[in-house]
Amino acid sequence: MAATEAAGRWRRGRLGREARASLAAFLLGASVAALPLALGSPPALLAAPGLRGRLALALHVAAVNAALLLLYPRPLYKIAIRAGFLGFAFGCGLLLSAGRSAWRHFGWYMCSLSLFHYSEYLVTAINNPRSLSLDSFLLNHSFEYNLAALSSWVEFTLEKLLLPEMKQITWLSTVGLLMVIFGDCLRKAAMLTAGSNFNHIVQNEKSDTHTLVTSGVYGWFRHPSYVGWFYWSIGTQVLLCNPICVVGYTLASWRFFRERIEEEEITLIHFFGEEYLEYKRKVPSGLPFIKGVKVEL
């Protein structure tokens, strides 16, 4: 019992260090948003940075990296540098959002994307520290995920150059932003509700503490974290007014989650048997036209 309590205290302490280091680094990176105040420049610094603005951004990045190197040993530095990068992207997004240029909505997107990835790590650190790793940022989710992100950036840039008025549909970008906020909040609510039962990787072996969660947002949908991610991903492209990627993201995300849900439900039926089958009969998956794995009776 003493050994178990000591292990629990050690895990909580480890969680505290990692969570605090990531949060401090994220805020330090995000402090780039304060550069216009320091320089006496307009808030939309990134819309037309000039030599002085570019130099200030470069010095800020160098100063943040130096501070993180001095503050944290190598294991924590690996966490802090990723969180700091995401914070910097968030701060740059705020700077772009402050202007009236065609890049304003891209600033909203940068804030949404960086906050999504950072909060994945932070919520995991709070919720399930035993599964916490650098992969919890989901920055290296998959080649396909990174390719999709790059495709959206390319489409936005090309359409901005060729059809600039297409990127100034504020009401449509606002709809996309609301989709992003809804999707991310739903996903994080699912993670927090599931607690230590949530893992970024589908588990093949049932742990002693693994229970079937059916309360909260899991009373609405069987897979609320996937529902949230699905609408978040589509929302990012509506926000950017990217018609090609809206279609591409919808089809690719739907296919990915259909296969993922079927794979996961096979495991859940193996873990919980009739209890999960009854839950499956009562509660929908939450994603359109996805019913989950078929069970032959």
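Residues numbered from 1 in each chain as written. Predicted model: local features only at pLDDT ≥ 70, side-chain atom pairs only at ≥ 80, totals over all residues. Heavy atoms only, no water.

## Some words on the overall build of the chain
Selection rule: Secondary structure elements follow DSSP: runs of H or I of four or more residues count as helices, runs of E of two or more count as strands, with numbering from the N terminus. We compute the radius of gyration over the C-alpha atoms and compare it with the globule rule, which gives 2.2 Å times the number of residues raised to the power 0.38. Note on classification: 1.4 Å probe, protein chains only; a residue is buried when its accessible area is under 20% of the maximum for its type, exposed when over 50%, partly exposed between these limits. A 1.4 Å probe and the Shrake-Rupley method give the accessible areas. Residues count as covered only by the protein chains that appear here. Neither His nor the chain termini are counted; the positive set is Lys and Arg, and the negative set is Asp and Glu. The location of each charge is read from NZ of Lys, CZ of Arg, CG of Asp or CD of Glu.
When its secondary structure is counted, the chain shows 10 helices and zero strands. The C-alpha atoms of the chain give a radius of gyration of 21 Å, which matches the 19 Å a tight globule of 297 residues would have. Across its three principal axes, the chain shows a C-alpha extent of roughly 65 × 50 × 30 Å. Taking all 297 residues of the chain together, the buried fraction comes to 47%. For the chain, the exposed area adds up to about 15,700 Å²; of that, 67% sits on carbon and sulfur atoms. Charge separation in the chain, taken as the distance between the mean sites of 28 positive and 20 negative side-chain charges, equals 9 Å.

## Structural notes on the packing of aromatic side chains
Condition: Planes of paired rings set the category: under 30 degrees apart is stacked, over 60 is edge-to-face and the rest tilted, where pairs are Phe, Tyr or Trp rings (Trp by its six-membered ring) whose centres lie within 6.5 Å.
Counted under the stated rule, the structure contains 17 aromatic pairs. Ring geometry for F230 versus Y231: centroids 5.0 Å apart, planes at 85 degrees, classification edge-to-face. Looking at Y231, the relative accessible area reads 28%, which means it is partly exposed.

## So, the UniProt feature "transmembrane region" (unreviewed entry) in the chain
Put simply, the rule is: UniProt positions are given in the numbering used here, feature names are shortened, and annotations may be inferred rather than shown by experiment.
Feature annotation in UniProt places "transmembrane region" (unreviewed entry) on residues 21-39, 51-72, 79-100 and 229-252, given in this structure's numbering. When the span residues 79-100 is considered, its composition is 86% helix and 0% strand, and the gap between its end C-alpha atoms is 34 Å. Spanning residues 229-252, this segment combines 88% helix with 0% strand, and its end C-alpha atoms are found 12 Å apart.

## Details of the layout of surface pockets
Definition in use: Definitions used for this entry: grid spacing 1 Å over protein atoms alone; cavity, a set of points where a 1.4 Å probe fits but cannot get out; pocket, an open set with protein on both sides within 12 Å along at least 5 of 7 lines; lining residue, one with an atom within 4 Å of a point. Grid points are joined across faces, edges and corners, and a volume is the space filled by probe spheres set on the points. Classification used: nonpolar for Ala, Val, Leu, Ile, Met, Phe, Trp, Tyr, Cys and Pro, charged for Asp, Glu, Lys and Arg, polar for all others including Gly.
For the largest pocket, the calculated volume is near 700 Å³. Around the largest pocket sit 35 residues that line it, and F198, N199, I201, Y226 and E264 are the ones nearest its centre. For the lining of the largest pocket, the secondary-structure elements that each account for two or more residues are α7 (170-194), α8 (224-239), α9 (243-272) and α10 (274-282). Broken down by element, the lining of the largest pocket gets its largest block of residues, six residues, from α9. A per-class count over the lining of the largest pocket returns 15 nonpolar, 15 polar and five charged. Of the voids in this model, the second largest pocket is the one considered here, and its volume is about 470 Å³. Taken together, 20 residues form the lining of the second largest pocket, with E144, Y145, A148, A252 and S253 sitting closest to its centre. Within the residue set of the lining of the second largest pocket, elements represented by two or more residues are α5 (104-127), α6 (143-162), α8 and α9. No other element matches α9, which puts seven residues into the lining of the second largest pocket. Of the residues that constitute the lining of the second largest pocket, the class distribution is 12 nonpolar, seven polar and one charged.

## With respect to the side chain of H210
Put simply, the rule reads: We call two residues in contact whenever any of their non-hydrogen atoms come within 4.5 Å of each other.
Residue position: H210 is located in the loop between α7 and α8. With residues up to four places along the chain from it excluded, the contact list for H210 reads N197, F271 and F272.

## Some words on empty space enclosed by the protein
Taken as a whole, this structure holds one cavity of 30 Å³ or more when the rule is applied. Its boundaries defined by the atoms lining it, the largest cavity holds a volume of some 30 Å³. Taken together, V123, T124, N127, N128, M191 and F198 make up the full set of residues lining the largest cavity. Broken down by element, the residue count for the lining of the largest cavity peaks at three residues, all from α5. For the lining of the largest cavity, the class distribution of residues is three nonpolar, three polar and no charged.

## Considerations on unusual backbone geometry
In this structure, C241 takes a positive phi of about 55 degrees despite not being glycine. Inspection of the secondary structure assignment puts C241 in the loop between α8 and α9.

## Some words on α9
Cut-off, in case you're wondering: In this scheme, a helix's expected span is set at 1.5 Å multiplied by one less than its residue total.
With 30 residues, α9 extends 42 Å between its outermost C-alpha atoms, agreeing within 8% with the 44 Å of an ideal straight helix rising 1.5 Å per residue. One or two steps after α9, the chain reaches G273, where phi turns positive at roughly 60 degrees.

## A few points about a nonpolar patch on the surface
Selection rule: For patches, a residue must show more than 30% relative accessible area and have no salt bridge; joins then use 9 Å for like charges and 5 Å for nonpolar side chains, namely Val, Leu, Ile, Met, Phe, Trp and Tyr. Throughout this description, the term salt bridge denotes a Lys or Arg side-chain nitrogen within 4 Å of a carboxyl oxygen of Asp or Glu.
A cluster of nonpolar residues, F143, L147, L150, W153, V154, L158, L161, L162 and L163, forms a patch on the protein surface that exposes about 930 Å² of accessible area. For L158, the position within the fold is in helix α6. By relative accessible area, which is 46% here, L158 ends up partly exposed.

## With respect to α6
How we decide: Working note: the arc is built from the helix axis to C-beta atom directions.
Compared with an ideal rise of 1.5 Å per residue, which puts 20 residues at 28 Å, α6 spans 28 Å between its outermost C-alpha atoms and is within 8% of the ideal. All of the buried residues in α6 are Y145, A149, S152, E155, F156, E159 and K160. Taken down its axis, α6 places every buried residue within 125 degrees of arc, on the same side. More than 90 degrees from the buried face of α6, the exposed residues found are F143, E144, L161 and L162. Residues of α6 that are buried in the fold lie against α5, α8 and α9.

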